[in-house]
Amino acid sequence: MIRPGPRNSITDVAGLAVGNAEDRTLLTGVTAVIPATPAVAAIDVRGGGPGTRESDALGPLGTVEVVHGIALSGGSAYGLDAAGGVMDWLRSQARGFAVGDARVPIVPGAIIFDLATGGPKSWETPPWWRLGRAAAEAAAADFALGNAGAGLGARAGGLKGGLGTASFVADGVTVGALAVANPLGSVVMPGTRAPWAWWLEQAGEWGGVTPPSGAPSTLEHAFSGGARANTTLAVVATDARLTRAEAGRIATMAHDGFARAIRPVHAPLDGDTVFVLATGSAGPPGDLAALSRLGMLAADCVARAITRGVVEAEPLAGLPAWRNLPG
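About the thresholds
All residue numbers refer to positions counted from 1 along the written sequence of the respective chain. Thresholds applied to this predicted model are a pLDDT of at least 70 for local features of residues and 80 or more for the giving and counting of side-chain atom pairs; totals over whole chains, interfaces and linings are not thresholded and use all residues. Remark: hydrogens and water are excluded; side-chain values derive from all non-hydrogen atoms of the structure. Pairing of aromatic side chains requires ring centres within 6.5 Å, counting the rings of Phe and Tyr and the six-membered ring of Trp. Pairs whose planes differ by under 30 degrees are stacked, by over 60 edge-to-face, and all others tilted. Per the convention used, a helix needs a DSSP run of H or I reaching at least four residues, while a strand needs a run of E reaching at least two, with both numbered from the N terminus. The buried label applies to any residue whose accessible area, calculated with a 1.4 Å probe on protein chains only, is under 20% of its type's maximum; exposed applies above 50%, and partly exposed to all values in between. Two thresholds decide whether a charge sits over a ring: the Lys NZ or Arg CZ must be within 6 Å of the ring centre and within 35 degrees of the ring normal. At least two DSSP bridges between two strands are required for those strands to pair. We call two residues in contact when some of their heavy atoms are within 4.5 Å. Only the contacting stretch of a helix is used when fitting its axis, a line to C-alpha atoms as for every element, and angles between N-to-C directions run 0 to 180 degrees. We define the nonpolar core as a collection of buried residues of types Ala, Val, Leu, Ile, Met, Phe, Trp, Tyr and Cys that are connected through side-chain atoms lying within 4.5 Å of one another. Oblique is the label for any angle not covered by the other classes, which are roughly parallel (under 35 degrees), roughly antiparallel (over 145) and roughly perpendicular (65 to 115). For any pair of crossing helices, the crossing counts as left-handed if the nearer helix is rotated counterclockwise from the farther one by less than a right angle, and right-handed if it is rotated clockwise. Here a polar contact means two N or O atoms within 3.5 Å. Within protein one must be a hydrogen donor candidate and the other an acceptor candidate, and residues neighboring in sequence count only if both atoms are side-chain atoms. Patch membership requires more than 30% relative accessible area and the absence of a salt bridge. Residues of like charge join within 9 Å; the nonpolar side chains Val, Leu, Ile, Met, Phe, Trp and Tyr join within 5 Å. The protein chains shown are the only cover counted for residues, whose accessible areas, like all others here, come from Shrake-Rupley with a 1.4 Å probe. Salt bridges are defined by distance alone: a side-chain nitrogen of Lys or Arg within 4 Å of a carboxyl oxygen of Asp or Glu.

K.L.:
Quick question: what am I supposed to make of the packing of aromatic side chains here?
P.N.:
Within the structure shown, the criterion is met by 3 aromatic pairs. Both rings, one in Tyr78 and one in Trp128, keep their centres 6.0 Å apart while their planes meet at 20°; by these two values the pair is stacked. Of this pair, Tyr78 sits in the loop between strand S6 (70–73) and helix H1 (82–92) while Trp128 is found in helix H2 (residues 128–137), placing the two residues 50 residues apart along the sequence. With a centroid separation of 5.1 Å and 85° between ring planes, the pair formed by Trp123 and Trp128 is classed as edge-to-face. Since its relative accessible area comes to 1%, Trp128 is described here as buried. By the ring-pair criterion, three or more aromatic residues cluster together here, those being Tyr78, Trp123 and Trp128. The ring of Trp322 carries the charged tip of Arg193 above its face, separated from the ring centre by 4.1 Å. The ring of Phe168 carries Arg304 above its face, with NZ or CZ at 4.4 Å from the centroid.

K.L.:
Sorry, what's going on with the sheet that holds strand S14 (residues 233–238) here?
P.N.:
In sheet architecture, strand pairing relies on hydrogen bonds along the backbone and comes in two forms, parallel and antiparallel. One open sheet holds the 6 strands; their spatial order is S5-S3-S15-S14-S13-S12, and the pairing between them is mixed. Taken across any chain shown, the strands that pair with only one partner, and hence form the sheet edges, are strand S5 (66–67) and strand S12 (162–170). Of the pairings in the sheet, the one linking S14 to strand S15 (residues 273–278) comprises 6 bridges and is parallel in character. The residue bridging Val235 from the neighbouring strand is Phe275, located in S15. Helix H3 (residues 244–254) contacts strand S3 (39–45), S14 and S15 of the sheet and is inclined by roughly 40° relative to S3.

K.L.:
I keep staring at the nonpolar core and nothing clicks. Help me out?
P.N.:
Proteins that are soluble and globular tend to have nonpolar side chains buried together. Val236 and Ile306 are the most contacted members of the largest nonpolar core, which totals 47 residues. At the level of secondary structure, the elements contributing two or more residues to this core comprise S3, S12, strand S13 (173–181), S14, H3, helix H4 (256–261), S15 and helix H5 (288–311). With 11 residues, the top contributor of residues to this core is H5. With near-sequence residues (within four places) excluded, Val236 lies in contact with Val175, Gly176, Ala177, Ile250, Ala254, Val274, Phe275, Val276, Leu277, Ala298 and Val302.

K.L.:
Any chance you could explain the packing of H1 against H2 here in plain terms?
P.N.:
A pair of packed helices is captured by two measures, namely the crossing angle of their axes and the spacing between those axes. Interaxial distance between H1 and H2 falls to 6 Å at its minimum, and their mutual angle equals 45°. Judged by the inter-axis angle, H1 sits oblique to H2. Of the two elements, H1 crosses H2, and the hand of that crossing is right-handed. Facing H1, whose interface residues are Ala82, Gly84, Gly85, Val86, Asp88, Trp89 and Ser92, H2 presents Trp128, Trp129, Gly132, Arg133, Ala136 and Glu137.

K.L.:
Would you mind showing me how to read the environment of Thr31 here?
P.N.:
Along the chain, Thr31 turns up in strand S2 (residues 28–35). Residue classification places Thr31 among the buried residues on the basis of a relative accessible area of 0%. Sequence separation between Thr31 and Gly19 is 12 residues; the distance between their C-alpha atoms is 5.6 Å. Excluding residues within four positions of it along the chain, Thr31 makes contact with Val18, Gly19, Asn20, Ile70, Ala71, Leu72, Ala135, Ala148, Gly149, Ala150, Leu163 and Leu178. Within the structure, the side chain of Thr31 is placed 2.8 Å from the side chain of Asn20, a separation counted as a polar contact.

K.L.:
Is there a simple way to think about a nonpolar patch on the surface in this case?
P.N.:
Taken together, the side chains of Phe97, Val99 and Val104 make up a nonpolar region of the molecular surface, amounting to roughly 230 Å² of accessible area. Position of Val104 relative to the elements: it lies in strand S8 (residues 102–104).

K.L.:
Would you take a moment to explain the sheet that holds strand S9 (residues 109–111) for this structure?
P.N.:
The mixed open sheet is built from 5 strands, whose spatial order is S1-S2-S6-S9-S4. Two strands lie at the open edges of the sheet, namely strand S1 (16–23) and strand S4 (52–53), each paired on one side alone. Here 2 bridges tie S4 to S9, and the two strands are oriented antiparallel to one another. Across the sheet, Arg53 pairs through a bridge with Gly109, a residue of S9.

Just geometry here; none of it tells us what the structure is for.
Set out below in C-alpha cells:
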C-alpha cells in the first residue's frame with residue numbers, strides 16, 4: 001500500500017528538518033534541509049543554466065560520501081552565499097568533519113533566479129549568507145509552504161511559484177520531496193487550473209481539481225515574459241540505506257517528476273537540479289526492483305511537491321496565484 005506520510009512532507013523521513021528565512025523587502029529567501037546525522041547524498045542537474053555549490057563533491061568521481069545539510073536559495077548567483085550561512089550554523093552546533101580543531105560541514109546548494117520578482121537591488125550587503133544561517137537555525141519538522149523560504153520570490157510560468165513538499169510511505173520505507181517551483185514552464189493545463197500532474201494527487205492536496213474533459217484542449221504554452229532565467233530545485237529524502245551510486249540513480253529518476261508537473265521543462269535557462277539524501281534507518285532496498293520502485297515514488301513525490309508549491313502560493317508582486325484562477 002502506498003500512502004502519504006503523516007505530514008505529507010519531506011520531514012516524514014525521520015531525523016530530517018527544514019527551515020525557512022525570508023527578506024520580504026527584497027522578495028527573496030532561503031530554505032535549509034538539515035539531517036540529524038550526516039546523510040549519503042547525490043545530485044543530478046538537467047537544466048541548461050544551473051547555479052550550484054559543492055556539486056562536484058557529490059558527483060561519481062567525488063570523494064565526499066555524506067553531507068550535513070542542503071541550501072536552496074533565491075538571489076541568483078548571489079544566493080550561493082546561503083550555503084555559507086548554513087555551514088556556520090552547523091559549525092556552531094559542532095557538526096561537520098573534524099579537521100584539527102575546526103569543524104567543516106559539507107553543505108551543497110543551488111539557487112533560483114528571483115531578482116526580477118521585485119524589491120530593491122541596491123543592497124549594501126547581500127543578505128543570503130544571513131538568511132542561510134537563519135533558515136538552518138529555524139529548521140524543524142513543520143515549516144511554511146508557498147511564499148516561504150526560497151519559494152518567496154519564485155514564479156511558475158505566468159503564476160506565482162513557491163515552496164512545496166510531499167511524501168509517500170510504502171513497504172516500510174519513507175520517501176519525501178521538497179521543491180522550489182520557479183520554472184519557465186507552466187504547471188497547469190492551458191486555459192484551466194488543472195495541474196499537469198492532477199492524476200498524482202493524494203489526500204486532496206490541491207482540492208481534487210481535474211481537467212474539464214480529462215485532456216487539455218491545446219498543447220500550446222504562452223511564455224510569460226519570454227525565456228527568462230528560471231529554475232526548479234528539488235530535494236528528495238528517504239530513510240532507505242543507499243550507496244552514493246544508488247542515490248545518484250534515484251536523483252536521475254526523480255527528474256521525471258519535473259516532466260510530469262511542468263511543461264516545458266529543463267529549458268535552456270532553467271537550472272533544474274535534484275539532490276538526494278539517504279539517512280539509512282530503514283535498511284537497504286531488497287533488490288534492483290525495490291530500488292526502481294523507490295525511484296518511481298521519488299519522481300511522483302517531486303511532481304506533487306512542485307505542484308503543491310504553486311497551489312500553496314499567494315499573489316505577490318503582480319503575479320497571480322493558482323488559487324485565484326477561474327474554475
